[in-house]
Amino acid sequence: MSDIIQLLPDHVANQIAAGEVVQRPASVVKELLENAIDSGATNIKLIIKDAGKALVQVIDNGIGMSPTDARLSFERHATSKIKKAEDLFNLHTKGFRGEALASIAAIAHVELKTKQNQQEVGTYIKIEGSTVTLQENVATAKGTSISVKNLFYNIPARRNFLKSNTVETRHIVDEFQRVALAHPSISFSFYHNENEIYNLITGNLRQRIVAIFGKKTNEKLVPIEEETDIVTIQGFVTKPEFAKKQRGEQFFFVNDRFIKSTYLNHAVTSAFESLISNGQFPTYFLYLTVPTDSIDINIHPTKTEIKFNDEKTLYAILRSTIKHSLGQYNVAPVLDFERSASFDTPYDFKNKNTSTPRVSVNPDFNPFKTEKQNTINFPYKRETTQQWESLYTGIDVENIEVESTLVNSKLFSETSANSKTYQIHNKYIVSSIKSGIVYIHQNLAHQRILYEEFLENITVKEALSQQLLFPLEIHFNKTDILLIKEIKEDLENIGFLFDKILDDTIVIKGIPVTITESQISSIIEQLLEDIKNDVPDASFSQLDVMAKSLSKSLAIKTGTNIELKEQEEIVNKLFNCKQPDVSPFGKTTFVTINIDEIDKKFNN
C-alpha cells in the first residue's frame, strides 16, 4: 500500500491555524492592538471600515522594526517575546506564540509600514495570502502602521459566516474597550467609517472607565483595593442599586490581560449576595496582579483563559475584599443595636471644661389657664335657608323615572352573569367555547398581541405617541448611543419622540401610549441587548427583533391579577391575530379541551 500521509504546504497550514487565531474582524483588532502595546507605544490609533471586513488598520508610535524583523514577523512561530519554554511562566508581554501575523496574512491582504527611530527610511511590505508581493523602502513616521484588507477573501465560507455589520462592530468595540481599560497610561483613538468613536487620553483607571462608559459612571463606582503576598487587587465595583439585568460591563484583568473566569465571577456575585435581587448582575472592573510563575496563559490561542495555582485562595480573598469595600463605603447595610454614632462625643469637645447647665423657668406660666377666645363680628347676618323639603313641594317624586340608573344596573348585571372568562392562579385565562374550554397563557398571549401591533406600527402605520410633561434624560455609553442612532427611525415609528441624542445621553420627549415613563429605561436597555445579540443582516429581521423585544418587556407578567374587562380584551385580540396559536418566540399561547375529553374524565 502506498504512503498516504503528506506534509501540508505552508499556506494551507497557515489557513488552518488562522481558524483558531482569527475568528472574526475583532480577533484581528485584538492581535494588532496587543502587538502595538508590546512595541512600547504611547499613542495607538485604530481605523475600521465596514465593521472590519474591508479594513482594519492600527497605527502606533512604538519602537518599530528593522527590515529583517519586518519580513520575519510574518513567518509562523517567529517571535521576539520568548526564547525557550521556561519563558512561558515569566511573561510580561501580550503575545508570545508568533502565530498572529502569519495567520492574518494567510487570509487577507496585508500592508505593513514600519520604521525604527535611528533609521532614515522605513520598510514597506505587501502580502496577499501568505505571499510577499512587494518589499521596499518607504518614508514613514517612527513606529508601525499595519493594514488588513479584505478579510477572508480567499475563504468565502468563513466570510459568509460573519454576522451583520452591527454585530461585528459590537465585537470590535468590546475588544477595543478591553485593551483600553487594561492600559489607561496609553492614549487610544478609534475611528469607524471616518467617524470618531473614542478619543481616550492618558489618565488613571477611574478616568479611563468614565471616558469609555460615560460621565454618570463616576458616581456609581466603589473602589476596591487589597494587597497580599498572593495577589494584589485594585479596581472598582458599582453600587448594588446600579446592578443590571444583563452580564455586560464585567471585566477581569490579570497582569494587565483581559480574562474570562466563571469561578472568579462567582466570587464577585457572592459578595453582592442579599444586596441585589435574583436575575441582576453587578458591574465590576477588577485588576489582579499575581506572580508570573503562578499562572499559565498558554491554554487557548485567544489567551483569555488562565490557570491559577491556587484558585480557592484567590476566590476567598476577592470575595472578602469586595464585601469589605462595600461595607467600608457604607454601601452594604450595617445593623448595630448596641451604640449609635449620634451618642459619640466630638473630638473637639475632649479638652473642654464642663459646667452645670442653667434652667430658666417662667413662674407665670399656667397650662390650665383658660383664655377668652377672640370673636369676629360680621356686619351682615346670613339669612337662614328654608328646609330642604320645601324645594321639592309640588313635585311627585315617586313617579320620576331614572333611566340611566335602570339601564346601567341591568347592563352590569347581565355582563357579570353571562361572563365566560376566568383567571386561574394569576397565570391562565379560561374561557368557554362551543367545543369545550380554552386555556390561555396570559403572558404569552399578550406577547403575541403586542408583537403584531408593534410590527404593524413599524412597517405599516404611524403609532400614537404621548408627550412627556418634562423631557426624560437617559445615559448610555457610546456604543449604545451609536446603536440608538441606527434604530432611531424605527423607534420613532413605534411612538418614541427624541428631543436630542448626545454623545452619552438621549433626551426623550414622547413615548408610546402603551408604555409608562418608569418603564422606558429598562425597555430600551433590554431592546439594545436583544439587538446586539440577535440582529441578522436583513433590515426587516432587525425590525422583527425590535418588535419581539418590546412585546416581551411590556407583556402582562405571570402572577398579575387582571380585571374581567382585560381578560375579555386579551381573548378577543388574541384570536384576531394572524397567528394566535404561538408567541413571537414560538411558544404555545393556548390549549383547548373538548367536551368529549371532559366527559371521559367522568366516565360518561
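Residues numbered from 1 in each chain as written. Predicted model: local features only at pLDDT ≥ 70, side-chain atom pairs only at ≥ 80, totals over all residues. Heavy atoms only, no water.

### Thoughts on the overall build of the chain
- Counting its regular elements, the chain contains 17 helices and 22 strands.
- Considering only contacts within the chain whose residues lie at least 6 apart along the sequence, 68% involve residues at least 24 apart.
- Put simply, the chain shows about 36700 Å² of open surface, and 50% of that area lies on carbon and sulfur atoms. (Helix = DSSP H or I, 4+ residues; strand = E, 2+ residues; numbered from the N terminus. Contact = heavy atoms within 4.5 Å. Areas by Shrake-Rupley, 256 points an atom, 1.4 Å probe, with all protein chains shown as cover.)

### Quick notes on the packing of aromatic side chains
- The full count for this structure, using the stated rule, is 14 aromatic pairs.
- With a centroid separation of 5.1 Å and 45 degrees between ring planes, the pair formed by Y263 and Y315 is classed as tilted. Placement of Y263 in helix α8 (residues 262-271) and of Y315 in helix α9 (residues 311-328) is noted, with a sequence separation of 52 residues between them.
- Connected via pairs of aromatic rings, a cluster forms that spans F213, F251, F253, F258, F285 and Y287.
- Lying over the aromatic face of F585, K548 brings its terminal NZ or CZ to 6.0 Å of the ring centre.
- Lying across the ring of F585, K552 places its NZ or CZ 5.5 Å from the centre. (Phe/Tyr/Trp six-rings, centres within 6.5 Å; stacked < 30°, edge-to-face > 60°. Lys NZ or Arg CZ within 6 Å of the ring centre and 35° of its normal.)

### Examining the confidence of the model for the chain
- Taken as a whole, the chain shows an average pLDDT of 79; of its residues, 78% reach a score of 70 or greater.
- Averaged pLDDT values for the elements of the chain fall to 39 in helix α10 (residues 403-418) and rise to 95 in strand β1 (residues 43-49).
- Low pLDDT, under 50, characterises residues 375-382; the predicted model gives this stretch zero contacts beyond four residues in sequence or across chains.
- Within the model, pLDDT remains below 50 along residues 535-540, and this stretch shows twelve contacts once partners closer than five positions in the same chain are excluded. (pLDDT = per-residue confidence, 0-100.)

### Side note on α9
- With 18 residues, α9 should reach 26 Å at 1.5 Å per residue; the first-to-last C-alpha distance of 25 Å fits that figure.
- Burial in α9 covers these residues: L314, Y315, I317, L318, T321, I322, S325 and L326.
- Along its buried surface, α9 packs onto β9 (221-227), β10 (232-238), β11 (250-254), α8, β13 (284-289) and β15 (307-308). (Expected span 1.5 Å × (residues − 1). Buried < 20%, exposed > 50% of the residue type's maximum accessible area, 1.4 Å probe, protein only.)

### Concerning the packing of helix α2 (residues 25-38) against helix α6 (residues 165-182)
- At a minimum axis separation of 8 Å, α2 and α6 run at an interaxial angle of 20 degrees. By the angle between their directions, the pair α2 and α6 is classed as roughly parallel. For the element pair α2 and α6, the recorded crossing hand is right-handed. Across from P25, A26, V29, K30, L33 and I37 in α2, the residues of α6 making contact are E168, H171, I172, E175, F176 and V179. (Axes fitted to C-alpha atoms, helices over the stretch in contact; angles between N-to-C directions. Parallel < 35°, antiparallel > 145°, perpendicular 65-115°, else oblique. Left-handed = near helix turned anticlockwise from the far one by under 90°.)

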